[in-house]
Amino acid sequence: MKTVYARVIGIDVAADKIDVNDSHSKISHTMPNTVAAITRQLVAKIESKTDTLVVCEATGGYEHVVVDAMHLAGIAVCVANPRQVRDFAKGHGYLEKSDSIDALIIRRFGEDVELHLTPQRSAQDKQHQALVRRRCQVLDMLSQEQNRLNQTFDSNALAMIKKMVSYLKTQLKELDQQLGKLLSERAKTDPNVNILRSVPGVGAVTTSTLIAELPELGQLNRGEIAKLVGVAPMINQTGKSDKKRKARGGRSQVRNVLYMAALVATRHNAVIKRFYLRLLSRGKAKKLALIAAMRKLLTILNDMVRNGTAWRRTEPSKSKKEVTTAPSLS
């Protein structure tokens, strides 16, 4: 059920400024994107903080100043998906685009659409997220440089690329070590770390990514979490035509690590392996079966985190087969 707020404020975020659109029409101007300016010119003018919702878009990190200021003031805040906001704008006839128009659209989006609030993050959460995202960046650069090795024939350029590949591999190794240490420290206070790592197929990288990029894990139902990540097949039906359902959208970084985790799980996780092989035996294409395995793994993890239960294993039976139990899923 959608929570109705008495006041909704839309914010278009840029690197050095923000544009504000207020449903009460009391704050509608541009201000610097700094904690001091936002606190003085925005937060101080919000009388009833518990009845106010602030909405902004994900902008690659520039939105963190707004989000932190709202959390510090006890104001509900949501970081919306830019693609969804843009689709909303087109659907309402807003074809022009400017910072002030974007702020208006974001405010209307917050008024009309059911949103999930952005949870407050600790300093440890922010550090964890920064390292996870840096690891993803290094992997992207490493892939690009390795591709260039096969496209370059000049010996000098080739030597530079090899040097960069070596450096990136070293940095990737350092990042993995730092993430491992962070997980070990976090496990002392956060039971979700051990819950996630108890599942066969889920390693340190997947655990770190889920913790850093999917704080909603365990708080949503199975359908909601699958749509949020982008592994839920979307209905595409009109009249007598019922087209093939495709999974799309969602959080690509979470989906990428979930793909690798599911791939490992189809070999080493008894529950996922059995599910995957059953789909293949019914004639399901391997790619579609793997996406279904990703969704199955995600919903298992979601249930485990919500219930606070780790993956359970019993002693091997007389038939020497491992008996593994997990939340019952269809």
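Below or above, wherever it landed, is the structure these notes cover. Please read these numbers as outputs of a predicted model, since none were measured by experiment. (Residues numbered from 1 in each chain as written. Predicted model: local features only at pLDDT ≥ 70, side-chain atom pairs only at ≥ 80, totals over all residues. Heavy atoms only, no water.)

**Observations concerning the nonpolar core**
Generally speaking, nonpolar side chains in soluble globular proteins are found buried as a group.
Item 1. The biggest cluster of nonpolar side chains holds 39 residues, and the ones touching the most others in it are Leu214, Leu217, Leu297 and Leu298.
Item 2. When residues of this core are assigned to their parent elements, the largest contribution, 11 residues, is made by helix α12 (residues 286-307).
Item 3. Not counting the four nearest positions on each side in its chain, Leu214 is found in contact with Thr209, Ile225, Leu228, Val229, Arg251, Val254 and Leu298.
Item 4. In terms of nonpolar packing, the next biggest core, distinct from the first, is built from 19 residues, Ile11, Cys56, Ile75 and Val77 among them. (Core = buried A, V, L, I, M, F, W, Y, C linked by side-chain atoms within 4.5 Å. Buried < 20%, exposed > 50% of the residue type's maximum accessible area, 1.4 Å probe, protein only. Helix = DSSP H or I, 4+ residues; strand = E, 2+ residues; numbered from the N terminus. Contact = heavy atoms within 4.5 Å.)

**So, a positive patch on the surface**
Item 1. Taken together, the side chains of Arg274, Arg278, Arg282 and Lys284 present a region of like positive charge at the surface.
Item 2. Along the polypeptide, Arg278 turns up in helix α11 (residues 270-281).
Item 3. Using a relative accessible area of 35% as the deciding quantity, one classes Arg278 as partly exposed. (Patch = residues over 30% accessible without salt bridge, like charges linked within 9 Å, V, L, I, M, F, W, Y side chains within 5 Å. Areas by Shrake-Rupley, 256 points an atom, 1.4 Å probe, with all protein chains shown as cover. Salt bridge = Lys/Arg side-chain N within 4 Å of Asp/Glu carboxyl O. Lys, Arg positive; Asp, Glu negative; His and termini not counted. Charge placed at Lys NZ, Arg CZ, Asp CG, Glu CD.)

**Structural notes on the pattern of salt bridges**
Item 1. Counted by the stated rule, this structure contains 19 salt bridges.
Item 2. Between Arg186 and Asp125 there is a salt bridge, and its shortest N-O distance comes to 2.7 Å. With Arg186 in helix α6 (residues 155-186) and Asp125 in helix α5 (residues 123-149), the pair connects residues that are 61 residues apart, well separated along the chain. No difference in accessibility class separates Arg186 from Asp125, as the two residues are buried.
Item 3. Among the salt bridges present, the one from Arg306 reaches Asp303, with a minimum N-O distance of 2.6 Å. Residue Arg306 and its partner Asp303 are both found in helix α12; the two are separated by three residues, about one turn of the helix.
Item 4. Put simply, Arg7, Asp22, Lys26 and Glu47 are held in one network by salt bridges that share partners.

**Observations regarding unusual backbone geometry**
Among all residues except glycine, the phi angle is most often negative; among peptide bonds, the trans geometry is most common.
Item 1. With a phi close to 60°, Ser25 is a non-glycine residue in the positive phi region.
Item 2. Mapped onto the elements, Ser25 comes out in the loop between β2 (17-22) and β3 (30-32).
Item 3. The class of Ser25 is exposed, set by a relative accessible area of 62%.

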